[in-house]
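As a plain string of letters, each chain reads:
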There are 2 protein chains.
Amino acid sequence: MRRMTARPANAHQARLLKLLRDSGPNSRAQLGDQVDLSRSKLAVEVDRLLETGLVVADGLAASRGGRRSHNIRLAPGLRFLGIDIGATSVDVAVTNAELEILGHINQPMDVREGPVAVFEQVLSMAAKLRASGLAEGFDGAGIGVPGPVRFPEGVPVAPPIMPGWDGFPVREALSQELGCPVMVDNDVNLMAMGEQHAGVARSVGDFLFVKIGTGIGCGIVVGGEVHRGTTGSAGDIGHIQAVPDGRPCACGNRGCLEAHFSGAALARDALEAAQQGLSAELATRLETNGVLTAVDVAAAAAAGDATSLDLIREGGTRVGQVIAGLVSFFNPGLVLIGGGVIGLGHTLLAAIRTQVYRQSLPLATGNLPIVLGELGPTAGVIGAARLISDHLFSPA
Amino acid sequence: MRRMTARPANAHQARLLKLLRDSGPNSRAQLGDQVDLSRSKLAVEVDRLLETGLVVADGLAASRGGRRSHNIRLAPGLRFLGIDIGATSVDVAVTNAELEILGHINQPMDVREGPVAVFEQVLSMAAKLRASGLAEGFDGAGIGVPGPVRFPEGVPVAPPIMPGWDGFPVREALSQELGCPVMVDNDVNLMAMGEQHAGVARSVGDFLFVKIGTGIGCGIVVGGEVHRGTTGSAGDIGHIQAVPDGRPCACGNRGCLEAHFSGAALARDALEAAQQGLSAELATRLETNGVLTAVDVAAAAAAGDATSLDLIREGGTRVGQVIAGLVSFFNPGLVLIGGGVIGLGHTLLAAIRTQVYRQSLPLATGNLPIVLGELGPTAGVIGAARLISDHLFSPA
DNA sequence: CCTTCTTTGTCCTGTCAGTGGAGAAAGTTG
DNA sequence: CAACTTTCTCCACTGACAGGACAAAGAAGG
């Protein structure tokens, strides 16, 4: 099969493509209700899109009292690749043009092995997805990396946890290997975009997506657009000071949020608690597995372990303090919490909420939902697919 | 004189008006270089604007080697009113269409006296400006108030320091009194807009304007647009926690930034230091004036008083801590410091810079200027004039 | 003074985007 | 089978806009 070559010729076509992506197949009449174009103009643009093959008309919909309408939908053969590179694992997924996940692979990986090794693994995962018959090829790929990105060029800059990637031309290299257009962004930004596409955040113009995983980051959406900042490091809240003269952090400062609460910090706290005999529950888990992770703390907490619950509550309070400041500053309409530690569940969320509602101004929190992301571990790959589809569904 | 009745008929005309406002008189050719329109189309739109009277062609410019050009400029009779309502004083200024200040009055006032009393004062100040011959009438007015504003309606919401204003229809009432269009915004947002119009911030898409006066607030500009947040309270950073379990704040919490550093907090600290005999300099000033304000601390510091210098440095460090967090989060291209306490001068700025550069990530601070605003006390009124001109220079 | 060149502004025509109405196509309902 | 609905197509008219030709007005040089 030939891959997508055409791009929308104008803003109208771009608008139509995104509409079809976000709300599925539509009749011409339904499209007309949503785009503020005359029926005639709309028909012209739809016809042109049909000619390019970007959309197809397949079959007639059931009548609703009159002439039956044609189903206009995005080309069913379109395939996007969503790649989410974490600190310790990679996710690769294929989606169709509506960004529905057709196949998804997760593999452990160490980002510090550098771009060459990671790319090799990503490419083999992509090949596996293709071999499974889900895609005959890829029309575009989005990729998220755990660090700041110079967005227009698609190049990581000064990434703390993946030093070998600094300046590596991710976009260009991956595009060459895959033979399709590629867009690169920070992983947390992509998770925010994923939630924006499919989750609660759909109808909210300004929101924050706080990812708590190995580290902590934040995706910022302003007026429906991701805010990346002047150097691409916006949302890097892991090194905001949460505790004056607190714990030393890998960044060289003290008291950084990440040093006090994150997947890594929680594991360390749990280990300490187990070794000091503060928690029998954690101690037995340590003995069984040899190590302790956030998952163990979650399980122990679920089993009622007081120490684990305290650790989670304390961590949630720390994160809540920082989020409270951001809420006062940014006044979002929604705060989403995501990332690995959402396994800590309601205890964590309650601690965060309590702290934010207590510390921010009533006007900013009065009608502010603070909820868990809906997409869980797929937010990143969906966001990545959305990133590249936004790009390809814009005029060239 | 008849007041401005016409509005630009389309986006091109709006663009041209703003261009003429921001860069002064231009020939048709110069305009053509900046707007990406054909000469013919441009000529048509300019002619239409001339017909409406919004712009005039007065005189020929000196030749630059060929036919002399006509000077196209905004109607010289246009007058905007910029009103900046602070906690303890009002500024009212008249500007021409290029937002140059033609006249400026500052008077003490207590915002807590409520909108009716304040409006009376504002209207008499406006009348005085008109009587002085600077304006025969006003084509529009912008007004800034020290609290959150529901921007589309122009109504203050839940303003902490001006409770009597909650829900008062400022826009509508003032528009009726003045007989011209009015736009309302938070005062700090307007100061940011003022600096964006006339100062360093002109060329920067994303920046923060931190106002340190009686309280502390922050104007946020994203992609050239002011970010007001979901409920209009964005930038309210005075109540971000700066010191865990710190001083009690009027808002009911503890350790708020404002409680530890602001014009009010500084005055209180100075008083305490004088009474405890820590500073002879401050003590004599207290004896002379009966009270101590930030101005006294500035003067004492300038005279070398160690206690005052310490107070300023400590305050700057507090503010710097908070700004450091915001810089990590928002990754601006510029941070401006403004408001009353800029009289504290370089000592304050140095303390802020030190703290921000130490605490934020190098990528975010690497090329980040932190400087004083250029407009000083006129930033607010210029921003207010710009707000209404932005409104009037947009298609109706 | 005259020719040539440069800059500015005007006029005109061809093209294309887009609207809105008329009406054809294809149904449902009674 | 008539009346009504909904969907889609066709067509003519309008207005936006580009780009070229050209006029106006001055500078520079012989």
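This is a predicted model, so every value here is computed, not measured. (Residues numbered from 1 in each chain as written. Chains lettered and ligands numbered in written order. Predicted model: local features only at pLDDT ≥ 70, side-chain atom pairs only at ≥ 80, totals over all residues. Heavy atoms only, no water.)

1. Regarding the relation of the copies chain B and chain A
One copy of the chain maps onto the other through a rotation about an axis plus a displacement along that axis.
Then, number 1: At an RMSD of 0.0 Å, chain B and chain A line up after a rotation of 180° and a shift of 0.0 Å along the axis. Such a combination of turn and shift is consistent with a two-fold rotation axis.
Then, number 2: Comparing contact sets, 97% of the residues at the interface of chain B also lie at the interface in chain A, consistent with an isologous, same-surface contact. (Least-squares fit on C-alpha atoms with pLDDT ≥ 70 in both. Contact = heavy atoms within 4.5 Å.)

2. Observations concerning the packing of aromatic side chains
Residues and elements named next belong to chain A.
Then, number 1: Here the structure, examined in full by the defined rule, presents nine aromatic pairs over all chains.
Then, number 2: For the pair F119 and W165, a centre-to-centre distance of 5.9 Å together with 75° between the ring planes defines the contact as edge-to-face. Remark: W165 occurs in the loop between β8 (155-156) and α5 (170-178) and F119 occurs in helix α4 (residues 115-131); sequence separation between them is 46 residues.
Then, number 3: Of the residues examined, F119 reaches a relative accessible area of 6% and is grouped as buried.
Then, number 4: On the accessibility criterion, W165 (0% relative accessible area) is buried. (Phe/Tyr/Trp six-rings, centres within 6.5 Å; stacked < 30°, edge-to-face > 60°. Helix = DSSP H or I, 4+ residues; strand = E, 2+ residues; numbered from the N terminus. Buried < 20%, exposed > 50% of the residue type's maximum accessible area, 1.4 Å probe, protein only.)

3. A look at the domain arrangement of chain A
Residue and element names in this part refer to chain A.
Then, number 1: As far as domains go, chain A holds domain 1 (11-74), domain 2 (80-196 + 379-392) and domain 3 (202-373).
Then, number 2: The C-alpha-based centres of domain 1 and domain 2 are spaced at 30 Å.
Then, number 3: Across the contact, five residues belong to domain 1 and six residues belong to domain 2.
Then, number 4: Of the roughly 520 Å² buried between domain 1 and domain 2, counting both surfaces, carbon and sulfur atoms make up 43%.
Then, number 5: Summed over the three residues of domain 1 that lose the most area to domain 2, namely K18, R21 and L74, the buried surface amounts to 79% of that side. (Domains from an automatic or database assignment. Buried area = accessible area lost by both parts, 1.4 Å probe.)

4. Remarks on the packing of helix α9 (residues 280-289) of chain A against helix α10 (residues 294-302) of chain A
Residue and element names in this part refer to chain A.
Then, number 1: The contact between α9 and α10 brings their axes to 10 Å, and the two run at 140°. With respect to their mutual orientation, α9 and α10 come out oblique. For α9 against α10, the interelement crossing comes out right-handed. Where α9 approaches α10, its residues E281, L282, R285 and N289 are matched on the opposing element by D296, V297, A299 and A300.
Then, number 2: Broken down by class, the residue content of the contact of α9 with α10 amounts to four nonpolar, one polar and three charged. (Axes fitted to C-alpha atoms, helices over the stretch in contact; angles between N-to-C directions. Parallel < 35°, antiparallel > 145°, perpendicular 65-115°, else oblique. Left-handed = near helix turned anticlockwise from the far one by under 90°. Nonpolar A, V, L, I, M, F, W, Y, C, P; charged D, E, K, R; others polar.)

5. Some remarks on the protein's contact with DNA strand C
Then, number 1: Taken together, 22 residues sit near DNA strand C, with S40 and K41 of chain A together with R64, R67 and H70 of chain B positioned nearest.
Then, number 2: Sugar and phosphate atoms form 61% of the subset of DNA strand C atoms that lie within 4 Å of the protein.
Then, number 3: Within the side chain of S40 of chain A, one N or O atom sits 2.5 Å away from a base oxygen of DNA strand C.
Then, number 4: At 2.8 Å, a backbone N or O of R67 of chain B approaches a base oxygen of DNA strand C.
Then, number 5: Those elements that provide at least two residues to the surface near DNA strand C are α3 (39-52) of chain A together with α2 (28-35) and α3 (39-52) of chain B.
Then, number 6: Residues that form the surface near DNA strand C fall into these classes: two nonpolar, twelve polar and eight charged. (Near = heavy atom within 4 Å. Polar contact = N/O pair within 3.5 Å; in protein donor to acceptor, adjacent residues only side chain to side chain.)

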